[in-house]
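# Per-entry structural report
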Amino acid sequence: MIEQRRHQRIRFGVSPRVRIGFGGRTGEGCVENLSMSGLMLRSPEPLEIGRLVGCEFSLFGSPLIDIAVNIVSRIGDGLYGARFQIGLINQVLIEDAIRDALASGKASVLSVHELGGRKVMRIVGGLTGALRNDFMHALTRVGVDELDVGGVTQVEQAGLALCLVATDRHGVAIASRSACFDDAWAQAVAAPGTH
C-alpha cells in the first residue's frame, strides 16, 4: 500500500449523491471515493464496462460538477470504477471541491510513504471511521512506523480509536499533529480505560 497512485483517492464520511445519465435514462447513486482521474460510484443501475455515462454531483455544497465518465470496472453488484473524460473547467471544479471537502473534514486522504527508511501513514482531512479499512490494512499488512496527522481538520471518536490501536497495540509513533487532533487526542488518552 505504499502510495503509487498518480492521484490520491479521496474518501468521504458521508457519500455524496450522484445523478447518472446513460442510454436515454437517468439514475441515482453515490460517490464512494474520488480522485482527479475518476471515481468509484455505487448505483443499482446496470452500467456496462466500456460505456460512456454522464455524472452530476456536488461535494458538500460545491458548484455542480457535470462530467462524462467511462465505466472501466465493476466490483460485485452495483459498485463501478469510472474514469473522467475531463476538461479544464471540470478539473478546476473538482480540485476546488476536493480542497474544500478536505479543509472541512468531510473528506479524507490516507496514504503511506517511506521516508528515511520508515513507513509513515499520512492522513489529511477528516480522521473518521470511514478510513477504517485502509487504516487497518496499512497498519497490519504494510506496517507503519509513524502517523502524520498534521493535516487532520476534523476528528471523530472512531478515528481516535484507530489511532489508539496504532499506538497501543502496534507501537506506532505519532509525529506531526494538527491543533484539532492534539485537542481531541489529549482528551482521548486522558479518558478512563483508554490506557
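Anyway, here's the lowdown on the structure attached to this text.

Conventions we followed
Residues numbered from 1 in each chain as written. Predicted model: local features only at pLDDT ≥ 70, side-chain atom pairs only at ≥ 80, totals over all residues. Heavy atoms only, no water. Helix = DSSP H or I, 4+ residues; strand = E, 2+ residues; numbered from the N terminus. Buried < 20%, exposed > 50% of the residue type's maximum accessible area, 1.4 Å probe, protein only. Expected span 1.5 Å × (residues − 1). Contact = heavy atoms within 4.5 Å. Core = buried A, V, L, I, M, F, W, Y, C linked by side-chain atoms within 4.5 Å. Salt bridge = Lys/Arg side-chain N within 4 Å of Asp/Glu carboxyl O. Arc of directions from axis to C-beta.

### Focus on the environment of aspartate 77
Residue position: aspartate 77 is located in the loop between strand S6 (65–75) and strand S7 (79–85). What makes aspartate 77 exposed here is its relative accessible area of 80%. Distance from aspartate 77 to serine 43, taken between C-alpha atoms, is 8.6 Å for residues 34 residues apart in sequence.

### Quick look at helix H3 (residues 157–170)
Between its first and last C-alpha atoms H3 spans 19 Å; for 14 residues at 1.5 Å apiece the expected length is 20 Å, and the two agree. Turning to H3, its buried residues are Gly159, Leu160, Leu162, Cys163, Leu164, Ala166 and Thr167. Packed against the buried residues of H3 are strand S9 (118–127), helix H2 (132–142), strand S10 (146–155), strand S11 (173–177) and helix H4 (179–190). Directly beyond the C-terminal end of H3, a positive phi value near 65° is found at glycine 171.

### With respect to the nonpolar core
Counting 30 residues, the largest nonpolar core has Leu34 and Phe57 as the members making the most contacts within it. For this core, the leading source of residues is helix H1 (residues 88–104), giving five residues. Residues in contact with phenylalanine 57, not counting those within four places in the same chain, are Arg17, Val18, Val31, Leu34, Leu39, Pro63, Leu64, Ile65, Ile67 and Phe84. Counting residues in hydrophobic clusters, the runner-up holds 26 residues, among them Ile123, Met136, Ala166 and Phe181.

### Considerations on the pattern of salt bridges
In total, this model carries 10 salt bridges according to the counting rule given. With a shortest N-O distance of 3.7 Å, arginine 51 and glutamate 48 are connected by a salt bridge. Classification of arginine 51 as partly exposed rests on a relative accessible area of 30%. Overlapping salt bridges bring together Asp96, Arg99 and Asp100 as one network.

### Let's talk about H1
Its 17 residues give H1 an end-to-end C-alpha distance of 24 Å, which sits within 8% of 24 Å, the value for a rise of 1.5 Å per residue. Listed as buried for H1 are Asn90, Ile94, Ala97, Ile98, Ala101 and Leu102. Seen from one end, H1 has its buried residues packed into an arc of 130°, which puts them on one side. Facing away from the buried side of H1, by more than 90 degrees, are the exposed residues Leu88, Ile89 and Ala103. Downstream of H1 by one or two residues, glycine 105 has phi in the positive range, about 80°.

### Digging into the environment of isoleucine 20
Within the secondary structure layout, isoleucine 20 lies in strand S2 (residues 17–22). The class for isoleucine 20 is buried, based on a relative accessible area of 2%. Taking C-alpha positions, isoleucine 20 is 31 Å from phenylalanine 135, a pair spaced 115 residues apart along the chain. Apart from residues lying up to four places away in sequence, isoleucine 20 is in contact with Arg25, Thr26, Gly27, Glu28, Gly29, Leu41, Ser43, Leu47, Val53 and Gly54.

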